[in-house]
Amino acid sequence: MAAAPVIIPSVAKHTSTLIFLHGLGDTGHGWATSMGALRTPDMKVICPTATPMPVTMNGGFRLNSWFDLKSISISDPEDEEGIKRATRTVHELIQSEIKAGIASNRIMLGGFSQGGALALYAGLTFVEPLAGIMALSCWLPMHKRFPGDRKCPENVPILQCHGDCDPIVFYKFGQLSSSVLKSFMQKSHFQTYEGLGHSACDAELADMKNFIATNVPRQ
């Protein structure tokens, strides 16, 4: 059973929401403080935690994981059913915010590594327009199924961030994913961070803060 999501309430009247998905083996707590520092005053932050499951890449040992990973490669077989199952969970989180009165275009989706991959797939396959997608140090899952699987409007903004020294999700996988995204999304931007490994940096966080302020301005 998954742990309850970490929720940081807005400090002003709640008019927007950021849902951020952690990487393999992490929890919602791992990113909550950073995301809380990036948001606008009227933005609520939700950082869910994935359910523990056996992960093939980890020798079958259980980790908090959104879906099974056989390897981190853009060409190897993927856990398509697991990705779709996790996507339904993310879509339910978005829908619950919409039912609470937050317009879909005031809801931002983001994630790091495996969570970033899920954020991309879930955002692209959500019918209503989101405020944007922030995809950190990740790849586009099931990339060969696009643009056919795209359900979102083609003008949903995407900020892809990647360090050029990433030893886990190779920089070239991020670049390849970006080239696929740019072929069918109008506002997809790929930002490189020189010397950055598989982590975040201050410049990246500043870019994310600007992306949020630009696409989900305070009301």
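Residues numbered from 1 in each chain as written. Predicted model: local features only at pLDDT ≥ 70, side-chain atom pairs only at ≥ 80, totals over all residues. Heavy atoms only, no water.

As annotated in an unreviewed UniProt entry, the protein carries the name palmitoyl-protein hydrolase and is attributed to Anopheles darlingi. Reading the Subcellular location (unreviewed entry) entry of the UniProt record for the protein gives the comment "Cytoplasm". Regarding the protein, the relevant UniProt record gives this comment under Sequence similarities (unreviewed entry): "Belongs to the AB hydrolase superfamily. AB hydrolase 2 family." (UniProt positions renumbered as here; feature names shortened; annotations may be inferred.)

Trainee: Can you explain helix 2 (residues 80-99)? Please cite residues and give values.
Mentor: Its 20 residues give helix 2 an end-to-end C-alpha distance of 28 Å, which sits within 8% of 28 Å, the value for a rise of 1.5 Å per residue. Where helix 2 is buried, its residues meet strand 2 (16-21), strand 3 (43-47), strand 6 (107-112) and helix 3 (114-124). Where helix 2 ends, the next residue or the one after it, Gly101, has phi of about 105°, a positive value. (Helix = DSSP H or I, 4+ residues; strand = E, 2+ residues; numbered from the N terminus. Expected span 1.5 Å × (residues − 1). Contact = heavy atoms within 4.5 Å.)

Trainee: So what's going on with the packing of helix 2 against helix 3? Which residues, and what values?
Mentor: Between helix 2 and helix 3, the shortest axis-to-axis distance is 9 Å and the interhelical angle comes to 70°. Comparing their axes, helix 3 and helix 2 come out roughly perpendicular. Judged by residue contacts, Ile83, Lys84, Ala86, Thr87, Val90 and His91 of helix 2 engage Leu118, Tyr121 and Ala122 from helix 3. (Axes fitted to C-alpha atoms, helices over the stretch in contact; angles between N-to-C directions. Parallel < 35°, antiparallel > 145°, perpendicular 65-115°, else oblique.)

Trainee: Help me get a handle on the side chain of Ser188, residues and values and all.
Mentor: With respect to the secondary-structure elements, Ser188 resides in strand 9 (residues 188-193). Judged by its relative accessible area of 9%, Ser188 is buried. Here Ser188 is in contact with Ile158, Leu181 and Lys182, once residues within four sequence places are set aside. (Buried < 20%, exposed > 50% of the residue type's maximum accessible area, 1.4 Å probe, protein only.)

Trainee: Tell me about the packing of aromatic side chains, residues and numbers included.
Mentor: Ring pairs (aromatic) are described by centroid distance and by the angle formed between their planes. Applying the stated criterion to the full structure yields six aromatic pairs. An angle of 40° between the planes, with centres 5.1 Å apart, marks the rings of Trp31 and Phe112 as tilted. In this pair, Trp31 sits in helix 1 (residues 29-38) while Phe112 sits in strand 6, placing the two residues 81 residues apart along the sequence. Residue classification places Phe112 among the buried residues on the basis of a relative accessible area of 10%. An aromatic cluster is defined as three or more aromatic residues linked by ring pairs; in this entry it consists of Phe20, Trp31 and Phe112. (Phe/Tyr/Trp six-rings, centres within 6.5 Å; stacked < 30°, edge-to-face > 60°.)

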